[in-house]
Amino acid sequence: MTTGCRELLKVLRYSQFHFLKYSTTKQMEKPIENSIRSKLAETFKPEVLDVINESYMHSVPKGSETHFKVVVVTEKFDSLPLIKRHRLVNETLQDELQNGVHALSIVAKTPKQWEESEGSVSKSPACRGGAGL
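Residues numbered from 1 in each chain as written. Predicted model: local features only at pLDDT ≥ 70, side-chain atom pairs only at ≥ 80, totals over all residues. Heavy atoms only, no water.

1. Structural notes on the overall build of the protein
Part 1: In terms of helices and strands, the protein carries 6 helices and 3 strands.
Part 2: Sequence-distant contacts, at least 24 apart, represent 64% of the contacts inside the protein between residues at least 6 apart.
Part 3: As displayed, the protein offers around 8700 Å² of accessible surface, 56% of which is attributable to carbon and sulfur atoms. (Helix = DSSP H or I, 4+ residues; strand = E, 2+ residues; numbered from the N terminus. Contact = heavy atoms within 4.5 Å. Areas by Shrake-Rupley, 256 points an atom, 1.4 Å probe, with all protein chains shown as cover.)

Here it is, written out as structure tokens:
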């Protein structure tokens, strides 16, 4: 695949249009996910924002909103160490983390880091049952 094709796929995959696939009904069914998306978009004005509900990978009822992965790519992370980026995301989502969100995986990159990684995000590990195994 040519570099131009790869760039186009990245833009299509991670553009703001990616998030328009949800209908109004679907948005109403996902209040926590939508709150997370809204707060991160407002706070960081990211070039790339993805909010992935990973609750289905865990031992929770169907339709739960308890486990999330967020991908935030913004210039606001330039010159900040990773721990500071994570703290900023956690501070932004403090209400959600105190009210139902059990786990939050954070991918926080600068635009340059995102480009260098070719937009790749690691797959989350399988649930180990929460029994400290």
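2. So, the side chain of E54
Part 1: Tracing the backbone shows E54 in the loop between β1 (48–53) and β2 (67–73).
Part 2: With no salt bridge to any partner, buried E54 finds its closest opposite charge in K69, at an N-O distance of 4.0 Å.
Part 3: Apart from the residues within four sequence positions on either side, E54 is in contact with H67, F68, K69 and S124. (Buried < 20%, exposed > 50% of the residue type's maximum accessible area, 1.4 Å probe, protein only. Lys, Arg positive; Asp, Glu negative; His and termini not counted. Salt bridge = Lys/Arg side-chain N within 4 Å of Asp/Glu carboxyl O.)

3. Re helix α4 (residues 82–92)
Part 1: Those residues of α4 that sit buried are R85, V89 and T92. Looking straight down α4, one finds that the buried residues subtend no more than 65° of arc, so they occupy a single side. Seen from the open side of α4, the exposed residues pointing more than 90 degrees away from its buried face are I83 and E91. (Arc of directions from axis to C-beta.)

4. Some points on the sheet that holds β1
Part 1: Taken in spatial order, the 3 strands make up an open sheet running β1-β2-β3, and their pairing is mixed. At either end of the open sheet lies a strand with only one pairing partner, and these are β1 and β3 (103–109). Direction aside, the axes of adjacent strands within the sheet are offset by 10° on average.
Part 2: Summarising the sheet, β2 and β3 pair through 7 bridges and their orientation is parallel. Residue pairing in the sheet places H67 in a bridge with A103 of β3. (Pairing = 2+ DSSP bridges. Axes fitted to C-alpha atoms, helices over the stretch in contact; angles between N-to-C directions.)

5. Re the nonpolar core
Part 1: Residues I36, L40, V70, V72 and V89 are the most contacted members of the largest nonpolar core, which totals 14 residues.
Part 2: Elements with a minimum of two residues in this core: α3 (31–44), β1, β2 and β3.
Part 3: When neighbours within four sequence positions are excluded, V72 is seen to be in contact with L40, F44, P46, V48, L49, F77, V107, A108 and K109.
Part 4: Counting 5 residues, the second-largest nonpolar core is a separate cluster that includes V48, V71, V73 and W114. (Core = buried A, V, L, I, M, F, W, Y, C linked by side-chain atoms within 4.5 Å.)

6. Focus on α3
Part 1: Its 14 residues place the ends of α3 20 Å apart at the C-alpha level, agreeing with the 20 Å of an ideal helix rising 1.5 Å per residue.
Part 2: Residues E33, I36, R37, L40 and F44 constitute the buried set of α3. Down the axis, α3 shows its buried residues gathered within 95° of arc, on one side only.
Part 3: One or two residues past the end of α3 sits K45, with phi positive at roughly 45°. (Expected span 1.5 Å × (residues − 1).)

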